[in-house]
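Residue-level structure breakdown
The lines below spell out each chain.
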4 protein chains.
Amino acid sequence: MIENGQFTVIAGPCAVETYETTLACARSVLNAGAALFRAGAYKPRTNPKSFQGLGDKGLEILEAVRRETGIRIVTEVMEPGLVEKVAACADVLQIGTRNMSNFPLLKEVGKARRPVILKRGMAATLDELLHAAEYILQEGNEHVILCERGIRTFETYTRNTLDLSAVPALKELTHLPVIVDPSHGTGRRSLVPPMALASLAAGADGIMVEVHPDPDRSWTSDGKQSLDLAGFERLMEDVKRLLPHFGKELAPAWPKRTPHAARLA
Amino acid sequence: MIENGQFTVIAGPCAVETYETTLACARSVLNAGAALFRAGAYKPRTNPKSFQGLGDKGLEILEAVRRETGIRIVTEVMEPGLVEKVAACADVLQIGTRNMSNFPLLKEVGKARRPVILKRGMAATLDELLHAAEYILQEGNEHVILCERGIRTFETYTRNTLDLSAVPALKELTHLPVIVDPSHGTGRRSLVPPMALASLAAGADGIMVEVHPDPDRSWTSDGKQSLDLAGFERLMEDVKRLLPHFGKELAPAWPKRTPHAARLA
Amino acid sequence: MIENGQFTVIAGPCAVETYETTLACARSVLNAGAALFRAGAYKPRTNPKSFQGLGDKGLEILEAVRRETGIRIVTEVMEPGLVEKVAACADVLQIGTRNMSNFPLLKEVGKARRPVILKRGMAATLDELLHAAEYILQEGNEHVILCERGIRTFETYTRNTLDLSAVPALKELTHLPVIVDPSHGTGRRSLVPPMALASLAAGADGIMVEVHPDPDRSWTSDGKQSLDLAGFERLMEDVKRLLPHFGKELAPAWPKRTPHAARLA
Amino acid sequence: MIENGQFTVIAGPCAVETYETTLACARSVLNAGAALFRAGAYKPRTNPKSFQGLGDKGLEILEAVRRETGIRIVTEVMEPGLVEKVAACADVLQIGTRNMSNFPLLKEVGKARRPVILKRGMAATLDELLHAAEYILQEGNEHVILCERGIRTFETYTRNTLDLSAVPALKELTHLPVIVDPSHGTGRRSLVPPMALASLAAGADGIMVEVHPDPDRSWTSDGKQSLDLAGFERLMEDVKRLLPHFGKELAPAWPKRTPHAARLA
């Protein structure tokens, strides 16, 4: 899980695209120091005509990439009826910002034996985020990781307004780990590295960063907020250099999945 | 459905409580001129320890109330797996504000043969609301009713900020009917009647209003925003009096459900 | 002043442009039923390179238009040092949204013997608006008119989000009259008439509407939200027709200014 | 001024209270490494019955404290007519959040020969902040320092939502220095140190922090967000320790004011 004194970096593309790009990305972020690989098989998209993710095929690619590289997988689940299937593939389940208050889904992932990254809703208060976490916790799943990913304001230069004060605030209110997603939080590649370092300085337990081998050819509009492989490496250099001065160390890649781990995460 | 030139009033308590209070409320709002009765069997609640609705038992009470009074039922469905069950009871399905971007749920109600009231998300733009409606429409369900129910702002005197300009704006952007929920939109009983009349004046096709026989004893916190029966009657007097001056008439109560109607809504 | 049971319509262009267009506009709105004429001589503009108003020359034009038509003048004052000069010309002083919390300015207009229209700040709570009014009241000026003009939210289809619930809310909190500016509140010409009527229905004591003889040639960007003369006449037809059904009558044009009135407003 | 590669810390109480507490605070923050001392003589207060600052007496105390300690003074000016007087005392003028769009005031400080700290309006976009800066710059004053101090959102745990992404965003848009006020930005003492360090990590050129010798006895409500002297010292230890790892050094205290410096700042 996410340990005290460690800083966990989760990286990967917005969506699973081809096996080749997914594998290339996974290898690269693992090599650069990521603890976990993230990529979406099921994508919540505002427009029903946008690419909605590869679905089951995406899960297969993620499993193949894990077998090949050993890197453990974070992926989003969007509906209660798919939790079991997604949890069979994922090492960590992600609940997206649109589903923070999808209570049937929260209860269902509360029954899964997988850690859950719970993203703050776009217009959710910290109080509501904590109540959403309780929906998961009270089903017996203690491994909830809170994720600040930007809230909606009038500002248009950034896609959202990343509320970094949520990090120390949540640390006052709960013992749950808190990570930050500076990619969705800003929507701009150039702002990701400084906000990633600021997250670290604010006391976050980790970051989740979008990385794509060729962001301008991303299948989703999130390419604009994705670092390329070299950009992610440079960010990781800075993270590794700074961590000791904040009394933390980089969390190592999660150990390879074993038949046992596959069930207990 | 909701017809041009008509103003549809949907009224009822936040949640189904007992058979007796639900029946009393349904009789009263039907008598006062409501076209449809609303009450929640499944309640999305921020706090997992709050009353979550009676669930299946609530659906049974709603069916009994319909048999007894003939009034047709609007009720919320919160998860894809329950759409079939809820649609068997409901005459109109409601998608709550927290689920406006619950795309699997939208797809599922798109397959149901029931009209759907789609509430705007707390922080959703009109563009996103329309895209959410498309998720339903593209599954073949043409009967989508958009509902403005207040957005989240910094103001704290009201529970939300009711965005009435959404009504004429949506009229420019879509042919779908638009109704307003001034109860959730304001969170204060005293503000419901003026905002209901303002909705009418802004061009809304109807309103959805919370009414409870004894609001201070409501099982949910929404009692603060519920009209009592006499308050609803007074509001309906005003609505009936004003409608002709806006070139509209009150939509009559939906006809009693027949075996055929039960399937085709 | 603004009387109980009356509905006061204030109309005119964003800015004073030429004597001819200003006169044409004043004549037309007076004829259509406006009680007061509004036009800015000093314009607060985001961009320092935008047209900032004609200043003193604008005040002269306004005085000439009043002499010619008899219509009384509402105009904005932006700095304490100009209150005396602007008050000599204006019959009613306007404090714009950007200056709601300009406390030295509020104090200064509190000393002027002119009614003051105080616009709600773009991000001001009702509580803050009332406190701002107190700054004026406590200097001895009792004639404060509160104006809802839209608040800033994430929505981009409209320029601001017009918070009509502020009208009945303020009616619960204060005895001061409350008017609405649907032009700035929406930023779109097409939305002004429905929101003007909705303001009336919500209980407002009046409206302030931008009207320009040729909106597409307006010297400011506010042309997009200005009605043309025919559009304003149509709106006034609707207002006059509806007022009796809300128990109100149209406020007549303020009486011609006399030497006495010039001092006491 | 604020130099590239330096990190400028501005500290002091919300308001000038007594000579003794002001002197004690100035000595302490100077000793701990602050470059400038901040304290308000004129205070913008929502409620007209709240303490509005000591006014002229406050300026006198600030001058006495500067004579005694040598520390240079930042203080707020709220109206155009007082710019000359306040600039005679202040080494740096502050424009508060409520006055970001007070254009006559911006023009007036544009004529003053003092650097100006321009705070972002509570609901101002970055674009509007930059335009406000232009009002100052185009009068010939090149020494504008932009200050992010939190924007208004729906979140209530914090007083405002500190938008740290504004720091790297502004760095892309302008050459002007950017500082952060984590005290007003959060409204909670406990959140100030982490957000101060996060500001540094995000690339800010400095911070402005409220410090009070006895925060619980502060004459204003801002005591809740003020560090005490020991808390500020601890924060400065962290700042000094971390700066080299971000390629910066602490800006030294501004040199003692000389007759020349008094005029040219």
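Values in this document were obtained by computation on a predicted structure and should not be read as measured data.

A closer look at the overall build of chain A
Within chain A one finds 10 helices and nine strands. The C-alpha atoms of chain A give a radius of gyration of 17 Å, which matches the 18 Å a tight globule of 265 residues would have. Once the C-alpha set of chain A is aligned to its principal axes, its extents read approximately 40 × 40 × 40 Å. A fraction of 67% describes how many contacts in chain A between residues 6 or more apart in sequence connect residues 24 or more apart.

Thoughts on the environment of Ala 201 of chain C
Structurally, the position occupied by Ala 201 of chain C is in helix α8 (residues 192-202). The exposure class of Ala 201 of chain C is buried, given the 26 C-beta atoms found within 10 Å. For Ala 201 of chain C and Val 16 of chain C, which are 185 residues apart along the polypeptide, the C-alpha to C-alpha distance reads 31 Å. In this view, Ala 201 of chain C contacts Leu 197, Ala 198, Leu 200 and Ala 201 of chain B together with Phe 246 of chain C; residues no more than four positions away in its chain are not counted.

Points about the relation of the copies chain D and chain A
Its rotation angle being 180 degrees, the transformation that places chain D on chain A also includes 0.0 Å of axial translation and leaves an RMSD of 0.0 Å. What we have between these two chains is a two-fold relation. Across chain D, the rotation axis passes nearest the C-alpha of Ala 198 of chain D, at a separation of 2.1 Å. Of the residues that chain D buries at the interface, 100% are likewise interface residues in chain A, meaning the two copies contact each other through the same surface.

Remarks on the interface of chain D and chain A
If you look at the interface, chain D gives 32 residues, while chain A gives 32 residues. Mapped by element, the contributors of at least two residues to the side of chain D that touches chain A are α6 (166-173), α8 (192-202) and α9 (229-242) of chain D. When the residues that make up the side of chain D that touches chain A are grouped by side-chain class, the tally is 18 nonpolar, 10 polar and four charged.

What about the environment of Met 195 of chain C?
Along the chain, Met 195 of chain C turns up in helix α8. For the pair Met 195 of chain C and Ser 183 of chain C, spaced 12 residues apart in sequence, the C-alpha separation works out to 8.9 Å. When neighbours within four sequence positions are excluded, Met 195 of chain C is seen to be in contact with Leu 164, Ser 165, Pro 168 and Ala 202 of chain B together with Leu 162, Pro 182, Gly 185 and Thr 186 of chain C.

Section: the nonpolar core
Most often, soluble globular proteins keep nonpolar side chains buried together rather than apart. One finds Leu 118 of chain A, Leu 118 of chain B, Leu 118 of chain C together with Leu 118 of chain D to be the most contacted residues of the largest nonpolar core, which totals 377 residues. Those residues in contact with Leu 118 of chain C that lie beyond four places of it in its chain are Ile 95, Met 100, Ala 132, Ala 133, Ile 136, Val 144, Ile 145, Leu 146 and Cys 147 of chain C.

A few points about helix α4 (residues 103-111) of chain D
Every α-helix winds through 3.6 residues per turn, so residues three or four apart in the chain are directed the same way. Residues and elements named next belong to chain D. Most of α4 is tucked away, with seven of its nine residues classed as buried. Those residues of α4 lying buried are Phe 103, Pro 104, Leu 105, Leu 106, Glu 108, Val 109 and Gly 110. Those residues of α4 that are buried lie in contact with α3 (83-89), β4 (92-95), β5 (116-119) and α5 (126-137).

A look at α8 of chain C
For α8 of chain C, the buried fraction is high: 11 of the 11 residues fall into the buried class. Just past α8 of chain C, the residue Gly 203 of chain C takes up positive phi, approximately 105 degrees.

Brief notes about the packing of α8 of chain D against α9 of chain D
All names here are of chain D. The contact between α8 and α9 brings their axes to 10 Å, and the two run at 20 degrees. If you check the angle between α8 and α9, you find them roughly parallel. Note that α8 runs across α9; the crossing there is right-handed. Only Leu 235, Asp 238, Val 239 and Leu 242 of α9 make contact with α8, whose side of the interface consists of Pro 193, Ala 196, Leu 197 and Leu 200. Residue composition of the contact of α8 with α9, grouped by class: seven nonpolar, no polar and one charged.

Remarks on the packing of helix α1 (residues 19-32) of chain B against helix α9 (residues 229-242) of chain B
Residues and elements named next belong to chain B. At a closest axis distance of 9 Å, the pairing of α1 and α9 adopts a crossing angle of 15 degrees. Comparing the axis directions of α1 and α9 gives the class roughly parallel. Crossing geometry of α1 relative to α9 is assigned as right-handed. Where α1 abuts α9, its residues Ser 28, Val 29 and Ala 32 lie against Leu 229, Phe 232, Glu 233 and Met 236. Its residues placed into classes, the contact of α1 with α9 shows five nonpolar, one polar and one charged.

Notes on the confidence of the model for chain A
Taken as a whole, chain A shows an average pLDDT of 95; of its residues, 97% reach a score of 70 or greater. Both scores are available for the predicted complex, with the pTM at 0.96 and the ipTM at 0.95.

Comments concerning the pairing of strand β1 (residues 6-12) of chain C
All names here are of chain C. Counting buried residues along β1, six of its seven residues qualify, which places the element largely inside the surrounding structure. The pairing of β1 with strand β9 (residues 249-250) spans two bridges and is classified as parallel. Its bridge partner lying in β9, Phe 7 is registered against Leu 250. In this structure, β1 lies alongside strand β8 (residues 206-210), joined through five bridges in parallel fashion. Bridge pairing in β8 places Ile 10 opposite Met 208. The pairing of β1 with strand β2 (residues 36-38) spans two bridges and is parallel. The residue bridging Ala 11 from the neighbouring strand is Phe 37, located in β2.

A word on the environment of Ala 87 of chain B
All names here are of chain B. Tracing the chain through its elements places Ala 87 in helix α3 (residues 83-89). Taking the C-alpha atoms as reference points, Ala 87 and Thr 158, 71 residues apart in sequence, are found 33 Å from one another. Ignoring any residue separated from it by four or fewer positions in sequence, one finds Ala 87 in contact with Leu 93, Ala 112 and Arg 114.

Cut-offs applied
- Residues numbered from 1 in each chain as written.
- Chains lettered and ligands numbered in written order.
- Predicted model: local features only at pLDDT ≥ 70, side-chain atom pairs only at ≥ 80, totals over all residues.
- Helix = DSSP H or I, 4+ residues; strand = E, 2+ residues; numbered from the N terminus.
- Rg over C-alpha atoms; globule rule 2.2 N^0.38 Å.
- Contact = placed C-beta atoms within 7 Å.
- Buried ≥ 20, exposed ≤ 12 C-beta atoms within 10 Å, placed from the backbone.
- Least-squares fit on C-alpha atoms with pLDDT ≥ 70 in both.
- Nonpolar A, V, L, I, M, F, W, Y, C, P; charged D, E, K, R; others polar.
- Core = buried A, V, L, I, M, F, W, Y, C linked by C-beta atoms within 7 Å.
- Axes fitted to C-alpha atoms, helices over the stretch in contact; angles between N-to-C directions.
- Parallel < 35°, antiparallel > 145°, perpendicular 65-115°, else oblique.
- Left-handed = near helix turned anticlockwise from the far one by under 90°.
- pLDDT = per-residue confidence, 0-100.
- Pairing = 2+ DSSP bridges.

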